[in-house]
There are 2 protein chains.
Amino acid sequence: MHRPRKEMIAETRAKLITAARNAFGTIGYAEASMDDFTASAGLTRGALYHHFGDKKGLLQAVIAEIDGEMAVRINEIASKAPTRWQHFVDECTTYIEMALEPEIQRIMFRDGPAVLGDPAQWPNANACVGSMTDHLTSLQQEGVVVPGVDPETAARLINGASSQAAQRIANSNDPEATSKTVVAAFKQLLEGLLKKQGPQSV
Amino acid sequence: MHRPRKEMIAETRAKLITAARNAFGTIGYAEASMDDFTASAGLTRGALYHHFGDKKGLLQAVIAEIDGEMAVRINEIASKAPTRWQHFVDECTTYIEMALEPEIQRIMFRDGPAVLGDPAQWPNANACVGSMTDHLTSLQQEGVVVPGVDPETAARLINGASSQAAQRIANSNDPEATSKTVVAAFKQLLEGLLKKQGPQSV
DNA sequence: CAATTGGCATACGATGCGTATGTGAATAGG
DNA sequence: CCTATTCACATACGCATCGTATGCCAATTG
């Protein structure tokens, strides 16, 4: 019987990540007491330090998990759109939709950068940008996107605009209406990447 | 002699703000000990609590000061460009340049949002966005910018892209070269706001 | 079955925070 | 000019949280 041991360990890690994710996503990283949320998982800080080194290490694990989930959702969008460009646009709007969740805003956009620094430097947490970069690269090779721009750079800039878009919608009095306005402006900005004439010809 | 009293008070406030700004901008908000940086200003936490209520209140004051300085620099750029659109673009690139400073990245883009929430909701700290919004509104009325988009929304999205642009340049191995690439991509995105044909006719 | 690993808890010291309270100097009123 | 009061700021205390050092028990290994 080799499994129970390994299973229990994995379960402990998962419980810690889940408990921390709940705490970080609601009251925030700084306000989350390690004693409190480890206790809510039926554990102590001893387990936390053993598995993740410190509070920042646990945050990294939480972020890696969320990033993975976001990447899955981004990739699920695939191939429903009539053109590759439209597909890319859909990907972006999906990203904005995900970014509407308070947990994602708090952990990925606010506390994460404050504690771990520039998100672009995070290990194991750039799946979404990677996906967008790939698509931009393809679109550029196909002649849909203007040749001058660096795909990864563009993906990063779009990411920044996306997160602002999501925050604006989420903090609005009328999210439904604001969403229309914001997404329209966002798509307009994306138009800047298109070659003049014939975006829908590919 | 009514002055010395008021002057001393103002000086105390200024010293606290300056000391906090240095601490927040270098080691970061969370790591900055109130005992330490008040002492470095020749004061104690008593003065801090008296004037600013708590650590967050002091951060708000620091942010208001930085925002004011950024707005001044943005407005100084005025009227050097041949067209109003070019003027707006220059404003954006100036914003990116300012955002290259580690102190601004740390306080305005990372710690600030984590501690005080969405920057769009900050009181007394939206001068830059306000300025950009005004220019976009004018440009739209003049027919340079496409009519559909909401100016403030667009300004916010551009702001998000700008901060990403700055972070990418600042964290690059070769900031000079990266700056060219990033600014080029950024300007390309801005093109999306222009009406087709004749951007330089106004 | 004995030895050892390691997953996790407990205990301790240190640090930083918020509040309550104290103090001395500057102002205002008579 | 003298007294009372305000108020800017310091000091003192208790509490929460963190990191580390240590201990224990179950599970694996040979």
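Residues numbered from 1 in each chain as written. Chains lettered and ligands numbered in written order. Predicted model: local features only at pLDDT ≥ 70, side-chain atom pairs only at ≥ 80, totals over all residues. Heavy atoms only, no water.

> Explain the domain arrangement of chain A to me, using residue names and the numbers behind them.
Interfaces are often sized by the amount of accessible area the parts lose when they come together. All names here are of chain A. We note that the domain assignment places domain 1 (1–53) and domain 2 (63–201) within chain A. Distance from the C-alpha centre of domain 1 to the C-alpha centre of domain 2: 31 Å. Taken together, the contacts link eight residues of domain 1 with nine residues of domain 2. Of the roughly 730 Å² buried where domain 1 meets domain 2, counting both sides, 49% is carbon and sulfur surface. Its largest share of buried area at the contact with domain 2, domain 1 owes to Arg21, Gly25 and Tyr29, together 68% of the area lost on that side. Counting the contacts that link domain 1 with domain 2 gives three salt bridges. Put simply, glutamate 103 and arginine 21 hold a salt bridge, and the shortest N to O gap is 3.2 Å. (Domains from an automatic or database assignment. Contact = heavy atoms within 4.5 Å. Buried area = accessible area lost by both parts, 1.4 Å probe. Salt bridge = Lys/Arg side-chain N within 4 Å of Asp/Glu carboxyl O.)

> I'd like to hear about the protein's contact with DNA strand C, residue by residue, with values.
Thr12, Thr44, His50 and His51 of chain A together with Tyr49 of chain B are the nearest of the 20 residues found near DNA strand C. Measuring from a phosphate oxygen of DNA strand C, one finds a side-chain N or O atom of threonine 12 of chain A at 2.5 Å. Methionine 34 of chain B places a main-chain nitrogen or oxygen 3.1 Å from a phosphate oxygen of DNA strand C. (Near = heavy atom within 4 Å. Polar contact = N/O pair within 3.5 Å; in protein donor to acceptor, adjacent residues only side chain to side chain.)

> Outline the relation of the copies chain A and chain B, listing residues and values.
Turning chain A through 180 degrees and shifting it by 0.0 Å along the axis lays it on chain B, with an RMSD of 0.0 Å. Viewed as a symmetry operation, the transformation between the two copies matches a two-fold axis. Residue glycine 192 of chain A of chain A places its C-alpha closer to the rotation axis than any other residue of that unit, at 1.7 Å. Interface residue correspondence from chain A to chain B reaches 100%, placing this contact among same-surface, isologous pairings. (Least-squares fit on C-alpha atoms with pLDDT ≥ 70 in both.)

> Now, about the interface of chain A and chain B: what can you tell me, with residues and values included?
Taken together, the 34 residues of chain A in the interface contact 34 residues of chain B. When the buried area of chain A at its contact with chain B is split by residue, Leu157, Arg168 and Leu189 of chain A rank highest and sum to 23% of it. Connecting chain A to chain B are four salt bridges. Counting the contacts that link chain A with chain B gives eight residue pairs in polar contact (both at pLDDT 80 or more).

> Residue-level account of helix 6 (residues 102–116) of chain A, with values.
All names here are of chain A. Considering bend angle alone, the principal kink of helix 6 is centred on arginine 110 and spans about 30 degrees; proline proline 113 follows within four residues of it. The buried fraction of helix 6 amounts to 12 of the 15 residues, a majority that puts the element mostly inside the structure. Glu103, Ile104, Gln105, Arg106, Ile107, Met108, Phe109, Arg110, Asp111, Gly112, Pro113 and Ala114 are the residues of helix 6 that are buried. Remark: glycine 117 follows helix 6 within two positions and exhibits a positive phi of approximately 90 degrees. (Bend = angle between axes of the 7 residues up to and from the residue. Helix = DSSP H or I, 4+ residues; strand = E, 2+ residues; numbered from the N terminus. Buried < 20%, exposed > 50% of the residue type's maximum accessible area, 1.4 Å probe, protein only.)

> Just give me the short version of empty space enclosed by the protein, but keep the residues and values in it.
A full pass over the atoms with the stated rule returns one cavity of 30 Å³ or more. Taken as a whole, the largest cavity spans an internal volume of roughly 760 Å³. Phe109, Ser163 and Gln164 of chain A together with Ser163 and Gln164 of chain B are the residues nearest the centre of the largest cavity, which is lined by 38 residues in total. Elements supplying a minimum of two residues to the lining of the largest cavity: helix 4 (55–76), helix 6, helix 7 (127–141) and helix 8 (151–170) of chain A together with helix 4 (55–76), helix 6 (102–116), helix 7 (127–141) and helix 8 (151–170) of chain B. Within the lining of the largest cavity, the residues separate by chemical class into 21 nonpolar, 12 polar and five charged. (1 Å grid on protein atoms, 1.4 Å probe; cavity = no way out; pocket = protein on both sides within 12 Å on 5 of 7 lines; lining within 4 Å. Points joined across faces, edges and corners; volume = space filled by probe spheres on them. Nonpolar A, V, L, I, M, F, W, Y, C, P; charged D, E, K, R; others polar.)

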